[in-house]
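Below are the chains, spelled out letter by letter.
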Amino acid sequence: MKKQLTMLALLVSAFAGLAHADDSAIQQALKKLGLQQTEIQPSPLPGMKTVLTESGVLYVSEDGKHMIQGPLYDVSGAQPVNVTNQLLDKKMNALAPEMIVYKAPKEQHVITVFTDITCGYCHKLHEQIADYNALGITVRYLAFPREGLHGQVEKAMRAVWCSADRNKAFDAAMKGDVPQMDAPATCKINLDKHYQLGILYGIQGTPAILTETGAMIPGYQGPQELKQVLDGQKRGG
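Residues numbered from 1 in each chain as written. Predicted model: local features only at pLDDT ≥ 70, side-chain atom pairs only at ≥ 80, totals over all residues. Heavy atoms only, no water.

- Per an unreviewed UniProt entry, the recorded name for the protein chain is Thiol:disulfide interchange protein, and the organism is Pantoea rwandensis.
- Here is the UniProt Sequence similarities (unreviewed entry) comment for the protein chain, exactly as written: "Belongs to the thioredoxin family. DsbC subfamily." (UniProt positions renumbered as here; feature names shortened; annotations may be inferred.)

1. A short note on the sheet that holds strand β1 (residues 38-42)
Each strand in a sheet pairs with its neighbour through backbone hydrogen bonds, running either in the same direction (parallel) or in the opposite one (antiparallel).
Link 1 in the chain: With respect to topology, 4 strands assemble into an open sheet ordered β1-β2-β3-β4, the strand pairing being antiparallel. Looking at the sheet topology across the chains shown, the edges are occupied by β1 and β4 (67-69). Strand-to-strand twist in this sheet, taken as the mean axis angle between neighbours without regard to direction, amounts to 25 degrees.
Link 2 in the chain: Pairing between β1 and strand β2 (residues 48-53): 5 bridges, direction antiparallel. Paired with Gln41 across the bridge in β2 is Thr50. (Pairing = 2+ DSSP bridges. Helix = DSSP H or I, 4+ residues; strand = E, 2+ residues; numbered from the N terminus. Axes fitted to C-alpha atoms, helices over the stretch in contact; angles between N-to-C directions.)

2. Focus on the state of the cysteines
Link 1 in the chain: As enumerated under the stated definition, the model contains 1 disulfide in all.
Link 2 in the chain: Each disulfide pairs two cysteine sulfurs, and for Cys162 the partner residue is Cys187, the sulfurs being separated by 1.7 Å. Across the S-S bond linking Cys162 and Cys187, the dihedral sits near -75 degrees, which makes this disulfide left-handed. Here Cys187 lies in the loop between α7 (166-173) and α8 (191-200) and Cys162 lies in the loop between α6 (152-161) and α7, a separation of 25 residues in the sequence. With respect to class, Cys162 is no different from Cys187; both count as buried. (Disulfide = S-S within 2.5 Å. Buried < 20%, exposed > 50% of the residue type's maximum accessible area, 1.4 Å probe, protein only.)

Quick look at the structure:
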């Protein structure tokens, strides 16, 4: 029995060392590409790992020699499922307390919109927020300043997110009236997390609409048009 336990311990140690070596090979490959901030997770693809980076989601072979970028789909069911976006659900849920939410009285669908207060089509979408809500669509906003982080747009958007009444401040900002930062020292909102999550979803412009099924709709969708898409996804699911 003692000999069996010793053998088991050796096997566990060997596999642990192998996993560490695999991750090391991946880390070295990523560093060659200039990717420093990475998070390595298991992958549904045999021999591959999922890597979350500042440039998006990658699938990298365990020896670090091969790499795939882009969404991974599970096509085994009736409808294709974006596995990559499902993986990001936990990160999305962690940001739920920071979302600016316009809840539908009779909610049928929930969408998450990555937005920019200087984006024309984002303004158009928000001007119709009552119409989306009337159709049963709850809209949740996250910040995605198109110019990137630490610029004037992000600063203005952080002022919105740090306001005592975020919805009121957001409504005003979408009309061109951006509030001054109330309490920069005490506000703990970090829009970097919003922006980096958008990058992981592959967002390149705004508005970008994420549905409950994990589907990403790039660009503006009118209330009736979006309702049809969401109803179709629900029936398909």
